[in-house]
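Fold and contact review
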Amino acid sequence: MKLSGQVKVPYSKRSDAGVHHHNHTSLPAAFAAGSVSAIRGLSGNSVLVENTCGKWVRREAATYAELRRQYRVLQRLPRSLAPAPVFLNRHWLYVEWVEGQVAESWPPADVLARTLSQLHHQPLFGWRIVLLPLLQHYWQNASPSRRTARWLAQLKKCQHHREPAPIRLAPLHMDIHPGNIVHCGDRIRLIDWEYAGDGDVGLELTTLAIDESPQFSACVAFYARHMHLNEVTLRQQIRRWLPWVNLLMASWYEYRWQETQSSEFIQLADQAWCRLKNT
């Protein structure tokens, strides 16, 4: 899910020849040779770089500003939460490869709630996540054949009502799902921080709700206790955010389909539209 407001370049297949030429001419010696392999993800902007010196994840973005923002996020966060940033240049950001297991299922509710609480107690990053400009951007850059009257009506509804007032501002990850959670023994670490920014804690929890995890209700209860929030108030806030997040997900999938023409995104978009219809 893309939340930064910057326009991404269309997906293109990477060339190892270009990688190795740039490595030898621009990077420190530790990164100058080794194997490069793809890391699966909907954004398609990370690869694993491995050589005798170690393993790193190399991340790309449409602009240097986006890479620099990710670098700042990882600099500020404790290593118990996020990978360490290793190297940044105009083209790529190298970050620590996090050893552990990425499972298809969610971690236990208390573990996830404790991790969220730790993140949301960190100092603010310094930039706000604002959804309406992103929703407008995705509408404008989606396929004209997919811009329906229902989509426009939902967008106008959001414009009219505005975003819910935050119950607590905190630094948010904004792309937490099982594929971005690395299990390290009895704790977890979060990867892929490209959409991070400051926002309402209720918004972060709502992004978890759309996966309809059976542990979600218990996670909210644990989280409310960790954060000293009223659980009823928190659940009400999640319900306020739910139409926004469902529209955001549907819009992002539509946008990514226009970029990639991958049928995977159409299927995900159709599922998101069905969820939105029921909120």
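This is a predicted model, so every value here is computed, not measured.

1. Thoughts on the environment of glycine 126
Here glycine 126 lies in the loop between α3 (109-120) and α4 (131-140). As for glycine 126 and proline 171, which are separated by 45 residues in sequence, their C-alpha atoms are 8.7 Å apart.

2. Focus on the confidence of the model for the chain
Across the chain, the average pLDDT comes to 86, with 84% of residues at or above 70. Here residues 2-25 is a poorly scored stretch, pLDDT under 50, and it has 56 contacts once near neighbours within four places are set aside; other chains count.

3. Considering α3
The first and last C-alpha atoms of α3 sit 16 Å apart over 12 residues, in line with the 16 Å expected at 1.5 Å per residue. With respect to burial, α3 is a largely interior element, 9 of its 12 residues being buried. Listed in full, the buried residues belonging to α3 are Ala109, Val111, Leu112, Ala113, Thr115, Leu116, Ser117, Leu119 and His120. In the core, the buried residues of α3 are packed alongside β6 (169-172), β7 (181-184), β8 (187-190), α6 (201-209) and α7 (216-227).

4. Focus on the pattern of salt bridges
By the definition in use, this model includes 9 salt bridges. Ionic pairing is found between arginine 256 and glutamate 259, a salt bridge with its closest N-O pair at 2.6 Å. Pair noted here: arginine 256 and glutamate 259 are both in helix α8 (residues 231-260), with a separation of 3 residues, about one helical turn. Among the residues examined, glutamate 259 registers a relative accessible area of 15% and is labelled buried. Overlapping salt bridges bring together Arg59, Asp192 and Glu194 as one network.

5. A word on a positive patch on the surface
Together, Arg68, Arg72, Arg76 and Arg90 give the surface a local cluster of positive charge. Summarising the element assignment, arginine 76 is placed in helix α2 (residues 64-76). The partly exposed category is assigned to arginine 76, whose relative accessible area is 39%.

6. Notes on the pairing of β7
Relative to β8, β7 runs antiparallel, the two being bridged by 4 bridges. Bridge pairing links histidine 183 to isoleucine 188 in β8. Following β7, the chain reverses through 2 residues before pairing antiparallel with β8; glycine 185 in that reversal takes a positive phi of roughly 70 degrees.

7. Looking at the environment of leucine 116
Structurally, leucine 116 can be placed in helix α3. In this structure the C-alpha to C-alpha distance between leucine 116 and methionine 227, which are 111 residues apart in sequence, comes to 9.4 Å.

8. Quick look at the packing of α3 against α6
Contact geometry of α3 with α6 gives a least axis separation of 12 Å together with a crossing angle of 150 degrees. When the axes of α3 and α6 are compared, the pair comes out roughly antiparallel. Where α3 crosses over α6, the two elements pack in a sense that is right-handed. Two secondary-structure elements touch here, α3 through Leu112, Leu116, Leu119 and His120 and α6 through Val201, Glu204, Leu205 and Leu208. Its residues placed into classes, the contact of α3 with α6 shows 6 nonpolar, 1 polar and 1 charged.

9. A short note on the packing of α6 against α8
Interhelical geometry of α6 versus α8 gives an angle of 65 degrees and a closest axis separation of 8 Å. For the element pair α6 / α8, the angle class is roughly perpendicular. For the pair α6 and α8, the crossing hand works out as right-handed. Within the contact between the two elements, α6 uses Gly202, Leu203, Leu205, Thr206, Thr207 and Ala209 and α8 uses Leu234, Gln237, Ile238, Trp241, Leu242 and Val245. Residue composition of the contact of α6 with α8, grouped by class: 8 nonpolar, 4 polar and no charged.

About the criteria used
- Chains are numbered independently. Their residues run from 1 in the order of the written sequence.
- Thresholds applied to this predicted model are a pLDDT of at least 70 for local features of residues and 80 or more for the giving and counting of side-chain atom pairs; totals over whole chains, interfaces and linings are not thresholded and use all residues.
- With hydrogens and water excluded, all non-hydrogen atoms of the structure serve as input to the side-chain values.
- A helix here means a DSSP run of H or I that spans at least four residues, while a strand means a run of E at least two residues long, and both kinds are numbered starting from the N terminus.
- Confidence of the predictor at the level of single residues is given by pLDDT, which spans 0 to 100.
- It only takes one pair of heavy atoms within 4.5 Å for two residues to be counted as in contact.
- Expected helix span is computed as 1.5 Å times (number of residues minus one).
- When a residue's accessible area, from a 1.4 Å probe over protein chains only, is under 20% of the maximum for its type it is buried; when over 50% it is exposed; and in between it is partly exposed.
- In what follows, salt bridge is the name for a side-chain nitrogen of Lys or Arg lying within 4 Å of a carboxyl oxygen of Asp or Glu.
- Here a patch means residues that are over 30% exposed by relative accessible area and free of salt bridges, tied together within 9 Å if like-charged and within 5 Å if nonpolar (Val, Leu, Ile, Met, Phe, Trp, Tyr).
- The accessible surface values rely on the Shrake-Rupley method and a 1.4 Å probe; as for residues, cover is taken only from the protein chains in view.
- Positive residues here are Lys and Arg, negative ones are Asp and Glu, while His and the chain termini are left out of the count.
- Where a charge lies is defined by one atom per residue type: Lys uses NZ, Arg uses CZ, Asp uses CG and Glu uses CD.
- A pair of strands is treated as paired once DSSP finds two or more bridges between them.
- Every angle, taken between N-to-C directions, lies between 0 and 180 degrees, and every axis is a line fitted to C-alpha atoms, over only the stretch in contact when it is a helix.
- Here roughly perpendicular refers to angles of 65 to 115 degrees, roughly parallel to angles under 35, roughly antiparallel to angles over 145, and oblique to all remaining angles.
- Two helices cross in a left-handed way if the nearer one is turned anticlockwise from the farther one by less than a right angle. They cross in a right-handed way if the turn is clockwise.
- Amino acids are sorted into nonpolar (Ala, Val, Leu, Ile, Met, Phe, Trp, Tyr, Cys and Pro), charged (Asp, Glu, Lys and Arg) and polar (every other residue, Gly among them).

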